[in-house]
Amino acid sequence: MSRRKLVSSGVVTILRSDGGIISGERLSRELGVSRTAIWKQVAALRKKGYRIEAVPSQGYRLLAEPDSLDACSLRLELGNELLMGCRMEYHAETGSTNADAFLIAEEGAVEGTVVLADRQLAGKGRLGRRWESPVGVNVYCSVVLRPKLPPYEAPQLTFLSAVAVARTILATTGLQPAIKWPNDLLINGRKVAGLLNEMNAETDQVGFVILGIGVNLNMRQDQFPADLRYPATSLLLETGSSVSRQTFIVRLLRELDQEYCRFCMSGFGPVREEWSRYCNAFGREVSVELGTNRLQGPFAGIDHDGALLMQLSDGRLERIVSGDVTVL
Ligand code: BT5
């Protein structure tokens, strides 16, 4: 990170954390640069869209921030204790953050590396589907993990990321999201986020997993295509207020970090329990598309490994490991 960028991120972090007026002298002392350097960085930040008030003979106050993503200030806000975001790669525009993360993981990227983008030109859903990824409004995030797991247990990480996203949405908006097995998050029945986990594995050991997370934060109605499989929404459409992407990502990475630590120490049980609290399908009739087949019956929860359990008419429980679910 260049020295200029460090100072610029430092100014924002200090102004943001305090919220009040901070003297130029304090900024220069805490960041170890001259007051002229601070003044130059404040001018540069204003050009980037930050509204910083200069209060005569008192100092600076941050009034508003542009909703831009900045890997440096994200790193500073996250601190050094977390695994998630220990390295960060940011693209103004890319094909797919999952594809980028997969590539750097193959080249040895460390666990916790995060790839973020402002826009995806070929955002991926499951089974070759597309994820709409317009510029500047949403979260497109992929995390490299290297869990010590056999490959058949890797899908459990989808549940872990669903819980982290659900908690982040709840903490940010107060809205209670519902999780639809295995990888959708809904608000009022509309899809607000999708997860795509991809794996590289040997026969008995996971090499790495890419947790791909797309969350619609400030997407407007006219930015959704008409032909989506399910009704979709964004946090802006649900609450009427826009959400800071930077704040959301910091919260999300903290939640992910906490869930992943708990998973590594205590296994899938606690994740499964928490996931179940957000799941809206218990006891309800669901239909699952399995390629050209379709099964229908009451949803009976998830098994110890994350498989969907469906009650069949003869009383048996059917285990389903992958498919598209509709809650009827
Ligand atoms: C998913 O697939 O829901 C997984 C989405 C994962 C996206 C993230 S973004 C960061 C990372 N990098 C990537 O390239 N991908 C991941 P699936 O369950 O197959 O749902 C895809 C379907 O959802 C599409 O066929 C559309 O009908 C619908 N859809 C597409 N874009 C949407 C959006 N922005 N919001 C809501 N629904 C959408």
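Keep in mind that this is a model prediction, so the values were computed, not measured. (Residues numbered from 1 in each chain as written. Predicted model: local features only at pLDDT ≥ 70, side-chain atom pairs only at ≥ 80, totals over all residues. Heavy atoms only, no water.)

**What to know about the side chain of Q41**
Worth spelling out the cut-off: Numbering goes from the N terminus for both helices and strands, where a helix is a DSSP run of H or I of at least four residues and a strand is a run of E of at least two. When checking whether two residues touch, look at their non-hydrogen atoms; a contact exists if any pair is within 4.5 Å.
Its place among the elements puts Q41 in helix 3 (residues 35-47). Residues contacting Q41, with those up to four places away along its chain left out, are R4, V7, S8 and V11.

**Considerations on the pairing of strand 7 (residues 184-187)**
Keep this limit in mind: Three labels apply to residues, based on accessible area from a 1.4 Å probe with only protein chains included: buried if under 20% of the type maximum, exposed if over 50%, partly exposed otherwise in between. When DSSP finds two or more bridges between a pair of strands, those strands are recorded as paired.
Both faces of strand 7 are covered, namely the face carrying D184 and L186 and the face carrying L185 and I187. Sheet topology note: the strand 6 (residues 178-180)/strand 7 ladder contains 3 bridges and is antiparallel. Residue I179 lies in a different strand from strand 7, and its bridge partner there is L185. Hairpin connection, strand 6 to strand 7: the antiparallel pair is bridged by 3 residues. Hairpin connection between strand 7 and strand 8 (residues 190-201): a loop of 2 residues separates the two successive antiparallel strands, and N188 in this loop has a positive phi of roughly 50°.

**Describing the pairing of strand 12 (residues 308-311)**
Each regular strand displays side chains that alternate between the two surfaces of the sheet. Pairing geometry for strand 11 (residues 293-302) and strand 12, over 2 bridges, is antiparallel. Within strand 12, the position partnered with F299 by the bridge is M310. The turn joining strand 11 and strand 12, which pair antiparallel and follow one another in sequence, is formed by 5 residues; a positive phi near 100° is taken by G306. As paired elements, strand 12 and strand 13 (residues 317-320) share 4 bridges and run antiparallel to each other. Paired with L308 across the strands is I320, a residue of strand 13. Hairpin connection between strand 12 and strand 13: a loop of 5 residues separates the two successive antiparallel strands, and G315 in this loop has a positive phi of roughly 95°.

**Section: helix 8 (residues 245-266)**
What counts here: By this rule, a helix spans an expected 1.5 Å times one less than how many residues it contains.
With 22 residues, helix 8 extends 31 Å between its outermost C-alpha atoms, agreeing within 8% with the 32 Å of an ideal straight helix rising 1.5 Å per residue. Just beyond helix 8, the residue with positive phi is G267, at close to 80°.

**Digging into the packing of aromatic side chains**
Worth spelling out the cut-off: Within 6.5 Å between ring centres, the rings of Phe, Tyr and Trp (the latter by its six-membered ring) count as paired, and their orientation is classed by plane angle as stacked under 30 degrees, edge-to-face over 60, tilted in between. Throughout this description, the term charge over a ring refers to an Arg CZ or Lys NZ atom that lies within 6 Å of the ring centre and within 35 degrees of the ring normal.
The full count for this structure, using the stated rule, is 4 aromatic pairs. Centroid distance F102 to F208: 4.9 Å. Interplanar angle 70°. Geometry classified as edge-to-face. Of this pair, F102 sits in helix 5 (residues 97-106) while F208 sits in strand 9 (residues 206-215), placing them 106 residues apart in sequence. With centroids separated by 5.3 Å and ring planes inclined at 65°, the aromatic side chains of F159 and W275 adopt a geometry described as edge-to-face. Placement of F159 in helix 6 (residues 156-173) and of W275 in helix 9 (residues 268-278) is noted, with a sequence separation of 116 residues between them. You'll find F159 and W275 in the same group, each marked buried. One aromatic cluster is present, formed by F159, F268 and W275 through successive ring pairs. Above the face of the Y230 ring, K180 is positioned so that its terminal group lies 4.7 Å from the ring centre.

Fair warning: the whole summary comes from geometry, so function is off the table for now.
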